[in-house]
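# Examining the three-dimensional arrangement
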Amino acid sequence: MSDLLERLRGRGWRMTSQRRVVAEVLDGEHVHLTADEVHVRATERLPEISRATVYNTLGELVLLGEVVEVSALGRAKRYDPNAHRPHQHLVCAGCGTVRDVHPTGDPLAGLPAEERFGFTVSDVDVTYRGLCPSCAPGPPR
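Before going into details, it helps to say that this report is about the structure given with it.

Cut-off values and rules
- Residues numbered from 1 in each chain as written.
- Predicted model: local features only at pLDDT ≥ 70, side-chain atom pairs only at ≥ 80, totals over all residues.
- Heavy atoms only, no water.
- Pairing = 2+ DSSP bridges.
- Helix = DSSP H or I, 4+ residues; strand = E, 2+ residues; numbered from the N terminus.
- Axes fitted to C-alpha atoms, helices over the stretch in contact; angles between N-to-C directions.
- Buried < 20%, exposed > 50% of the residue type's maximum accessible area, 1.4 Å probe, protein only.
- Core = buried A, V, L, I, M, F, W, Y, C linked by side-chain atoms within 4.5 Å.
- Contact = heavy atoms within 4.5 Å.
- Nonpolar A, V, L, I, M, F, W, Y, C, P; charged D, E, K, R; others polar.
- Parallel < 35°, antiparallel > 145°, perpendicular 65-115°, else oblique.
- Left-handed = near helix turned anticlockwise from the far one by under 90°.

### A short note on the sheet that holds strand 6 (residues 127-130)
- Across the sheet, 3 strands lie side by side as 5-4-6; this open sheet has mixed pairing. The open sheet has two edge strands, strand 5 (98-101) and strand 6, and neither has a second partner. Between one strand and the next, the sheet's axes are offset by a mean angle of 25°, whatever the strand orientation.
- Alignment of strand 4 (residues 88-92) against strand 6, held across 4 bridges, turns out to be parallel. What sits directly across from leucine 90, in strand 6, is tyrosine 128.

Next up, the structure:
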């Protein structure tokens, strides 16, 4: 479960009703909603919230480092509130479903020193792609 609301309160982020609703919509485990999906869910809770407010709030959350933008090959960006828990993503190439995964081991181990070209690597972003059980042909695996 994401602790987005608690993190934002801890930062002293001004919690307007619109911001609170966006944060509540994003809160949860395996949440990777598009901006439009956030807007639809937010209007169910606060009908007067505008699309612009949702987009601006998402942009602020990304700049604060409290939400991560996840790109899924030509699809709309998705927003992940689990910004402070190390994880990677598993993306379905069929429907675009995104799931958090927690592989074991050091992701830098697969990058030999000669392939780092002198870089000091500070972050690794790995995305696993494939087909979810609903999109895969044949019986579910």
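### Comments concerning the sheet that holds strand 3 (residues 78-80)
- Strand order in this open sheet of 3 strands is 1-3-2, and the pairing throughout is antiparallel. Pairing within the sheet leaves two strands with one partner each, and these edge strands are strand 1 (33-34) and strand 2 (68-70).
- Relative to strand 3, strand 2 is paired through 3 bridges, and the arrangement is antiparallel. Each bridged residue has a counterpart across the sheet, and for glutamate 69 the counterpart in strand 3 is tyrosine 79.

### Considerations on the pairing of strand 5
- Side chains Val98 and Asp100 of strand 5 all project onto a buried face; the interleaved residues Arg99 and Val101 project onto a face where none is buried.
- Of the pairings in the sheet, the one linking strand 4 to strand 5 comprises 4 bridges and is antiparallel in character. Bridge assignment links leucine 90 to a residue of strand 5, and that residue is arginine 99.
- A loop of 5 residues connects strand 4 with strand 5, the two strands running antiparallel in sequence, and glycine 96 in this loop sits at a positive phi of about 85°.

### Details of the nonpolar core
- Of all hydrophobic cores here, the largest spans 21 residues; its most connected members are Val22, Leu26, Val38, Leu58 and Leu61.
- Of all the secondary-structure elements, those providing two or more residues to this core are helix 1 (4-11), helix 2 (17-26), helix 3 (35-45) and helix 4 (51-64).
- Here this core gets 5 residues from one element, more than from any other, and that element is helix 2.
- Residues contacting leucine 26, with those up to four places away along its chain left out, are Leu4, Val31, Val38, Leu58, Leu61, Val67, Tyr79 and Pro81.

### Here's the deal with the packing of helix 1 against helix 2
- Closest axis-to-axis distance for the helix 1/helix 2 pair is 9 Å, and the angle between their directions is 140°. Contact with helix 1, carried on its side by Leu4, Leu5 and Leu8, involves Arg20, Ala23, Glu24 and Leu26 of helix 2 and no other residues of that element.
- Looking at the contact of helix 1 with helix 2 residue by residue, the classes come out as 5 nonpolar, no polar and 2 charged.

### Looking at the packing of helix 2 against helix 3
- Relative to each other, helix 2 and helix 3 sit at 120°, their axes nearing to 9 Å. It follows that helix 2 is oblique to helix 3 by the angle criterion. Two packed elements cross with a definite hand, and for helix 2 against helix 3 that hand is right-handed. Note on element contacts: helix 3 touches helix 2 through Val38, Arg41, Ala42 and Arg45, opposite Val21, Val22, Glu24, Val25 and Leu26.

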